[in-house]
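A look at the structure
Letter by letter, the chains look like this.
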Amino acid sequence: MDALTRERTLIGVDDNGLDLEPAQRPTKDEAMAAVRTLLAWAGDNPDREGLLDTPERVVEAYGEWFAGYHGDPAKELSRTFEDVQGYDDMVMLRGIDVQSHCEHHMAPFLGKAWVAYMPTGKVVGLSKLARLVEIFAKRLQTQETMTMQIADAIEDHLSAAGVAVLIDAEHQCMSTRGVRHHDVSTITTQFRGVFKTDKVLQQRFMDLVKK
């Protein structure tokens, strides 16, 4: 996936692969009116006391849940440190919280991410890797796409010799509707560079995930 294709995730493409224009963002009042419409469609009365403040609360919650659209992965990974005294082995963060929403039903999917990279003379602050996961998670997503986006960003902006990403999450669009299967998690992985070519290194990563 090239850089241009990755950037399209915020714009979208049509069935012919052509770029779509960015949607114009509605006002807060328009968004609240939409919530009132959904409340009425669900069968309740938006004017009853318990629901009067619900539209504003929902809009504020959306601002938190989808804050990743305003995040910049390149900026988060731009500050690096070269004084690592020759360190040249795996850097790994384990068990990063993933709180995202599927783009098909807008239902939450929740889980953990494990992220590792092999530095080439420079490293990034550990909190920046967690923030990178958060940026991509706080968007309407598929787990497969998000896993690739995290790997792409690290590979592109850190010039890493290798990247490994694993996400394990439970999707509420599957557990609370449709087939209604509970306690079923989805695992997605991406291996780049030496993590893809060196099976021993890849197994080290997997062993640390399981530890």
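Residues numbered from 1 in each chain as written. Predicted model: local features only at pLDDT ≥ 70, side-chain atom pairs only at ≥ 80, totals over all residues. Heavy atoms only, no water.

Going by what an unreviewed UniProt entry lists, the chain is known as GTP cyclohydrolase 1 and is assigned to Caulobacter segnis. Quoted verbatim from the Pathway (unreviewed entry) field of the UniProt record, the comment on the chain reads "Cofactor biosynthesis; 7,8-dihydroneopterin triphosphate biosynthesis; 7,8-dihydroneopterin triphosphate from GTP: step 1/1." Its UniProt record, at the heading Sequence similarities (unreviewed entry), says of the chain: "Belongs to the GTP cyclohydrolase I family." (UniProt positions renumbered as here; feature names shortened; annotations may be inferred.)

Now for the UniProt feature "binding site: Zn(2+)" (unreviewed entry) in the chain. Listed under "binding site: Zn(2+)" (unreviewed entry) in the UniProt record, and renumbered for this structure, are C102, H105 and C173. In terms of the greatest pairwise C-alpha distance, the residues named above, spread along 72 residues, form a tight cluster of at most 7.7 Å across. Its place among the elements puts C102 in strand β2 (residues 91–102). Residue C102 is classed as buried on the basis of its relative accessible area, which comes to 4%. Every residue in contact with C102, bar those within four places of it in the chain, is listed here: A107, F109, L140, Q141 and C173. Tracing the backbone through its elements, the reader meets H105 in the loop between β2 and β3 (108–118). By relative accessible area, which is 42% here, H105 ends up partly exposed. (Helix = DSSP H or I, 4+ residues; strand = E, 2+ residues; numbered from the N terminus. Buried < 20%, exposed > 50% of the residue type's maximum accessible area, 1.4 Å probe, protein only. Contact = heavy atoms within 4.5 Å.)

The next subject is the nonpolar core. Grouped together as the largest cluster of nonpolar side chains are 30 residues, with contacts concentrated most on V98, Y117, M146, I150, I154 and I167. At the level of elements, β2, β3, β4 (123–124), α5 (126–137), α6 (143–158) and β6 (162–171) are the ones that each hand at least two residues to this core. By residue number, the principal contributor to this core is α6, which donates six residues. Each residue touching V98, except ones within four places of it in the same chain, is listed here: F109, L110, G111, K112, A113, V133, A137, M146 and I167. (Core = buried A, V, L, I, M, F, W, Y, C linked by side-chain atoms within 4.5 Å.)

Within a beta sheet, neighbouring strands are joined by backbone hydrogen bonds and run either parallel or antiparallel to one another. Ordered in space as β5-β2-β3-β6-β7, the five strands form an open sheet in which the pairing is mixed. The sheet terminates laterally at β5 (140–141) and β7 (185–193), the two strands that pair on one side only. Note that β6 and β7 share nine bridges and pair antiparallel. The residue of β7 that forms the bridge with A164 is F191. (Pairing = 2+ DSSP bridges.)

Another point: unusual backbone geometry. A positive phi angle, close to 50°, is found at S159, a residue other than glycine. With respect to the element layout, S159 can be found in the loop between α6 and β6.

Residues given the UniProt feature "domain: GTP cyclohydrolase I" (unreviewed entry) here are residues 33–209. The span residues 33–209 shows a helical share of 41% and a strand share of 27%, and its end C-alpha atoms are spaced 45 Å apart.

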